[in-house]
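Remarks on the overall topology
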Amino acid sequence: MAHPQINHSSDPIRLFKSPFLEFFTHISPVTITAIWLPVAILFIVLGWLHTAPAERWYTLPSGFMVGLFVWTLTEYTLHRFLFHFPAKTALQHRISFLFHGVHHAQPQCKTRLVMPPVVSIPLAAVFYGLFLGIFSLIGAVSWLYPFMTGFLIGYLIYDLTHYATHHFPMRSGYLKYIKRYHMQHHYKTPNARYGVSSPLWDIVFKTKPSE
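In short, a report on the structure. (Residues numbered from 1 in each chain as written. Predicted model: local features only at pLDDT ≥ 70, side-chain atom pairs only at ≥ 80, totals over all residues. Heavy atoms only, no water.)

**Observations concerning the overall build of the chain**
In terms of helices and strands, the chain carries eight helices and zero strands. Over its C-alpha trace the chain gives a radius of gyration of 18 Å, about what one expects of a compact globule, namely 17 Å for 211 residues. Considering only C-alpha atoms, the chain reaches an extent of 55 × 45 × 35 Å along its principal axes. A buried classification covers 44% of the 211 residues belonging to the chain. When the accessible surface of the chain is totalled, it reaches about 11400 Å², and 72% of it is carbon and sulfur. Computed over 16 positive and 7 negative side-chain charges, the inter-centroid distance for the chain is 7 Å. (Helix = DSSP H or I, 4+ residues; strand = E, 2+ residues; numbered from the N terminus. Rg over C-alpha atoms; globule rule 2.2 N^0.38 Å. Buried < 20%, exposed > 50% of the residue type's maximum accessible area, 1.4 Å probe, protein only. Areas by Shrake-Rupley, 256 points an atom, 1.4 Å probe, with all protein chains shown as cover. Lys, Arg positive; Asp, Glu negative; His and termini not counted. Charge placed at Lys NZ, Arg CZ, Asp CG, Glu CD.)

**Notes on the nonpolar core**
Core analysis: the biggest nonpolar cluster contains 28 residues, and Ile32, Trp36, Phe131, Met148, Phe151 and Tyr155 have the highest contact counts within it. For this core, the secondary-structure elements that each account for two or more residues are α2 (29-49), α3 (56-83), α5 (117-137) and α6 (144-167). Of the residues forming this core, the biggest block, 11 residues, is contributed by α6. Leave out the neighbours within four places in its chain, and Phe151 touches Gly67, Leu68, Val70, Trp71, Thr74, Phe127 and Phe131. (Core = buried A, V, L, I, M, F, W, Y, C linked by side-chain atoms within 4.5 Å. Contact = heavy atoms within 4.5 Å.)

**Focus: empty space enclosed by the protein**
As enumerated under the stated definition, the model contains three cavities of 30 Å³ or more in all. Counted as a void, the largest cavity has a volume near 120 Å³. Considering the residues around the largest cavity, the lining is formed by Trp36, Trp71, Leu78, Met115, Ser120, Leu123, Ala124, Phe127, Met148, Phe151, Leu152 and Tyr155. Elements supplying a minimum of two residues to the lining of the largest cavity: α3, α5 and α6. Here the residues of the lining of the largest cavity sort into 11 nonpolar, one polar and no charged. (1 Å grid on protein atoms, 1.4 Å probe; cavity = no way out; pocket = protein on both sides within 12 Å on 5 of 7 lines; lining within 4 Å. Points joined across faces, edges and corners; volume = space filled by probe spheres on them. Nonpolar A, V, L, I, M, F, W, Y, C, P; charged D, E, K, R; others polar.)

**Some words on the packing of α3 against α6**
Remark: α3 packs on α6, axes separated minimally by 6 Å, with the N-to-C direction vectors making an angle of 45°. On the basis of their axis angle, the class for α3 and α6 is oblique. For the crossing formed where α3 meets α6, the hand is right-handed. Where α3 approaches α6, its residues Thr59, Leu60, Gly63, Phe64, Val66, Gly67, Leu68, Val70, Trp71, Thr74, Glu75 and Phe83 are matched on the opposing element by Pro146, Phe147, Thr149, Gly150, Phe151, Ile153, Gly154, Tyr155, Ile157 and Tyr158. (Axes fitted to C-alpha atoms, helices over the stretch in contact; angles between N-to-C directions. Parallel < 35°, antiparallel > 145°, perpendicular 65-115°, else oblique. Left-handed = near helix turned anticlockwise from the far one by under 90°.)

**Looking at the side chain of Thr72**
For Thr72, the position within the fold is in helix α3. A distance of 2.5 Å separates the side chain of Thr72 from the backbone oxygen of Phe69, its partner in a polar contact. (Polar contact = N/O pair within 3.5 Å; in protein donor to acceptor, adjacent residues only side chain to side chain.)

**Section: the environment of Pro53**
Inspection of the secondary structure puts Pro53 in the loop between α2 and α3. Sequence separation between Pro53 and Leu42 is 11 residues, and the spatial gap between their C-alpha atoms is 18 Å.

**Here's the deal with the packing of α3 against helix α4 (residues 90-105)**
Where α3 meets α4, the closest approach of the two axes is 10 Å, and the angle between their N-to-C directions is 145°. Residues His79, Leu82 and Phe83 of α3 lie in contact with α4, whose contacting residues are Ser96, Phe99 and His100. Per-class residue counts for the contact of α3 with α4 are three nonpolar, three polar and no charged.

**Section: the layout of surface pockets**
Empty space within the largest pocket amounts to approximately 490 Å³. As for the largest pocket, its lining consists of 22 residues, of which Leu98, Phe99, His100, Pro116 and Val119 are closest to the centre. Elements that contribute at least two residues to the lining of the largest pocket include exactly α4, α5 and α6. Counting residues per element, the lining of the largest pocket draws most heavily on α4, which supplies five residues. By residue class, the composition of the lining of the largest pocket is 15 nonpolar, five polar and two charged.

So this is what it looks like as structure tokens:
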């Protein structure tokens, strides 16, 4: 992805001439929480109902933690390879800008800091189908529901952390570290530091520059 000059205007960059399409490019963190937290709760309830009582004590927490862990890798992979893919044609540059380039062009725009449902819902459906196929293949379908709960909670942590790094003070501890880390991604190393909620996979895949 080409990294455009930063726009500090308080007016959001317009992406579409159509007001209808433009409406769907703006989203609040309250909205994504209202959408995905109930879905995550539904999955853990389904996990409880579809797991034998004797297995709940380990299947539910273990599935949740595995889902949370897999999300961290998904977050890194999407950010590095999808949001920052090296566009070569005019169409690819346009798609790249719509997906993520606009955020780098105007990083403080409050309504473009979390993933809009027109993107997150289809992605969630794809991931659900993928994980359903994997758990069915290995004969562990009962793990799917707690896994999806952890995966979705991981996504919410990512999106809300991303919003917070741009608009909350975060002056101490890990929160201060992760805010500084993400600001370095924007203003110093846009082709590195892809982790938002954690630098784990940047360390593993060596995309965390030395200080």
